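Take a look at the letters that make up each chain.
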Amino acid sequence: QVQLVETGGGLVQAGDSLRLSCVVSGDTSKTYAMGWFRQVPGKEREFVAAMSWTGGSTDYADSVKDRFTISKGSARNSATLQMNNLKPEDTAVYYCAARSLGFGTFRRPSEYEVWGQGTQVTVSS
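The present account deals with the structure reproduced in this document. A quick note: this is a predicted structure, and the numbers were derived from the prediction, not measured. (Residues numbered from 1 in each chain as written. Predicted model: local features only at pLDDT ≥ 70, side-chain atom pairs only at ≥ 80, totals over all residues. Heavy atoms only, no water.)

## Quick look at the packing of aromatic side chains
Line of reasoning, step 1. Tallied over the entire structure, the rule returns five aromatic pairs.
Line of reasoning, step 2. Look at Phe-106 and Tyr-112: their rings are 6.4 Å apart centre to centre, the planes differ by 85 degrees, and that puts the pair in the edge-to-face class.
Line of reasoning, step 3. Classification of Phe-106 as buried rests on a relative accessible area of 9%.
Line of reasoning, step 4. Residue classification places Tyr-112 among the buried residues on the basis of a relative accessible area of 7%.
Line of reasoning, step 5. Ring geometry for Tyr-112 versus Trp-115: centroids 6.1 Å apart, planes at 65 degrees, classification edge-to-face.
Line of reasoning, step 6. Classification of Trp-115 by relative accessible area gives partly exposed; the value is 24%.
Line of reasoning, step 7. Three or more aromatic residues link up through ring pairs in this structure, and these residues are Phe-37, Phe-47, Phe-106, Tyr-112 and Trp-115.
Line of reasoning, step 8. Geometry around Trp-115 places Arg-45 over its ring, the cationic atom sitting 4.8 Å from the centre.
Line of reasoning, step 9. Positioned above the aromatic ring of Phe-106, the side-chain terminus of Arg-99 is 3.9 Å from the ring centre. (Phe/Tyr/Trp six-rings, centres within 6.5 Å; stacked < 30°, edge-to-face > 60°. Buried < 20%, exposed > 50% of the residue type's maximum accessible area, 1.4 Å probe, protein only. Lys NZ or Arg CZ within 6 Å of the ring centre and 35° of its normal.)

Take a look at the structure:
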């Protein structure tokens, strides 16, 4: 069974940085395109960033472009989200997602097969 394990959330001040990590476990025979989403209570899950399975293509929401960077982690089928210059409006539960088929990047939650448990990021002003 494929699972995603996320780490790295926390409480920071505006302007600080955080790094989130996500590792796919359970099926090492496949390669995965990966994405990060976030959600606040009462709102839909929002696209943040995505990366193709090779890591060669990336995509970002306008709200995080030039501040966040998605990249491949050190482990196979892993991803990191480096978040710089954090703002209070970045406060949310952040979710990692993965899909094993297709080329390119994916923005819609329905396009992903597996989700992590979520990690809280809180940015104080």
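## Re the environment of Gly-9
Line of reasoning, step 1. Within the secondary structure layout, Gly-9 lies in the loop between strand 1 (3–7) and strand 2 (10–13).
Line of reasoning, step 2. We classify Gly-9 as partly exposed; its relative accessible area is 33%.
Line of reasoning, step 3. Not counting the four nearest positions on each side in its chain, Gly-9 is found in contact with Leu-18, Leu-20, Thr-119, Gln-120 and Val-121. (Helix = DSSP H or I, 4+ residues; strand = E, 2+ residues; numbered from the N terminus. Contact = heavy atoms within 4.5 Å.)

## Concerning the sheet that holds strand 3 (residues 18–25)
Line of reasoning, step 1. One open sheet holds the four strands; their spatial order is 1-3-8-7, and the pairing between them is antiparallel. Here the strands that pair on one side only, and so sit at the sheet edges, are strand 1 and strand 7 (68–72). Across this sheet, the average inter-strand angle for adjacent strands is 15 degrees, counted without regard to direction.
Line of reasoning, step 2. Bridging between strand 1 and strand 3 involves five bridges; their strand directions are antiparallel. Counterpart to Val-5 in the pairing with strand 3 is Val-23. (Pairing = 2+ DSSP bridges. Axes fitted to C-alpha atoms, helices over the stretch in contact; angles between N-to-C directions.)

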